[in-house]
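Chain by chain, the residues:
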Amino acid sequence: MARPLRIEFAGALYHVTARGNAQQDIYLDDSDRELFLSLLNNAVRRFDWYCHAYCLMRNHYHLLIETNTASLSKGMKYLNGTYTQAFNRIHQRVGHVFQGRFKAILVQKENYLLELSRYIVLNPVRARMVREAKNWPWSSYQATAGLTETAACLTTDWILAGFAKTKAVAQRRYAEFVQQGKSQPSPWEQLSNQIYLGDER
């Protein structure tokens with residue numbers, strides 16, 4: 001089966017995922033997650049990205065990445081490759097950490113930025129790992145909702161601007177929006193041609 005076409009351009013927004021090889025865990029402890037977020041911050045700065053949302057699960061992760069230049073593949077090669085080298089060195093392992101290449105869905109920002117930011121942080125809730133998104137410390141939810149300091153890799157301005165001009169009001173409405181998302185259908189039901197989420201134009 002042929003690989004889906006990879007579309008890259010300045011200003012593109014992507015939902016990016018990568019899974020552990022043979023469904024194995026890609027984070028064995030919190031220090032692995034901290035390392036990954038540090039490398040994600042490096043990628044954001046080095047490849048001129050915005051990270052609007054993230055969620056680190058046990059055997060996969062979700063990122064909502066906007067690229068200011070056509071740099072997604074280069075940045076992901078750095079992120080996954082450098083993490084694999086460090087993970088194997090720390091845990092005295094060899095071989096693949098991730099299963100194949102990363103998956104990236106091109107997203108229409110105007111219509112799906114908020115919806116996907118909600119979908120991503122609700123992953124631990126859907127997996128029944130926690131009851132509320134606020135209880136999972138390894139996603140962007142707590143920072144976006146104003147419960148913790150914002151991680152260096154994260155940009156919250158665009159998401160919060162979708163709710164109110166005042167930050168405190170926007171954070172409260174964002175939290176309500178995420179709470180309401182538990183009963184919403186998956187946005188992937190509207191996926192087109194396996195590669196983009198948006199209208200034909």
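Structure report, in brief. (Residues numbered from 1 in each chain as written. Predicted model: local features only at pLDDT ≥ 70, side-chain atom pairs only at ≥ 80, totals over all residues. Heavy atoms only, no water.)

1. A look at the nonpolar core
In this structure, V16, L40, W49, Y61, L63, L72 and Y174 are the most contacted members of the largest nonpolar core, which totals 62 residues. Ignoring any residue separated from it by four or fewer positions in sequence, one finds L63 in contact with Y14, H15, V16, F36, L40, A53, Y54, L79 and I120. (Core = buried A, V, L, I, M, F, W, Y, C linked by side-chain atoms within 4.5 Å. Buried < 20%, exposed > 50% of the residue type's maximum accessible area, 1.4 Å probe, protein only. Contact = heavy atoms within 4.5 Å.)

2. Thoughts on unusual backbone geometry
For Q23, which is not a glycine, the phi torsion comes out positive at approximately 65°. Checked against the element boundaries, Q23 lands in the loop between β1 (12–19) and α1 (30–46). Residue classification places Q23 among the exposed positions, given a relative accessible area of 65%. (Helix = DSSP H or I, 4+ residues; strand = E, 2+ residues; numbered from the N terminus.)

3. Some points on the packing of aromatic side chains
When we look at a pair of aromatic rings, we describe it by the centre distance and by the angle of the planes. Counted under the stated rule, the structure contains 12 aromatic pairs. Here the aromatic rings of F47 and W49 are separated by 6.2 Å at their centres, their planes lie at 35°, and the arrangement is tilted. Summarising the burial analysis for this pair, F47 and W49 share the class buried. Aromatic pair F163 and Y174: ring centres 6.1 Å apart, planes at 75°, arrangement edge-to-face. Separated by 11 residues along the polypeptide, F163 in the loop between α6 (157–161) and α7 (167–180) and Y174 in helix α7 bring together distant segments of the chain. F163 gets classed as buried once you look at its relative accessible area, which sits at 14%. Three or more aromatic residues joined by ring pairs form one cluster here, namely Y27, F36, Y61, Y83, F87 and F98. If you follow R118 out to its NZ or CZ, it ends over the ring of F177, 3.8 Å from the centre. Cation over ring: R126 sits above Y119, and NZ or CZ is 4.0 Å from the ring centre. (Phe/Tyr/Trp six-rings, centres within 6.5 Å; stacked < 30°, edge-to-face > 60°. Lys NZ or Arg CZ within 6 Å of the ring centre and 35° of its normal.)

4. Description of the environment of L35
In this fold, L35 is placed in helix α1. In this structure the C-alpha to C-alpha distance between L35 and F87, which are 52 residues apart in sequence, comes to 8.9 Å. The residues touching L35, leaving out its near neighbours within four places in the chain, are Y83, A86 and I90.

5. Points about the packing of helix α3 (residues 109–121) against α7
Running from N to C, α3 and α7 cross one another at 70°; their axes reach a closest spacing of 9 Å. In terms of their interaxial angle, α3 and α7 are classed as roughly perpendicular. In the packing of α3 onto α7, the handedness of the crossing is right-handed. Residues L114, E115, S117, R118 and V121 of α3 form the contact with α7, whose participating residues are Y174, F177, V178 and Q180. Split by residue class, the contact of α3 with α7 holds five nonpolar, two polar and two charged. (Axes fitted to C-alpha atoms, helices over the stretch in contact; angles between N-to-C directions. Parallel < 35°, antiparallel > 145°, perpendicular 65-115°, else oblique. Left-handed = near helix turned anticlockwise from the far one by under 90°. Nonpolar A, V, L, I, M, F, W, Y, C, P; charged D, E, K, R; others polar.)

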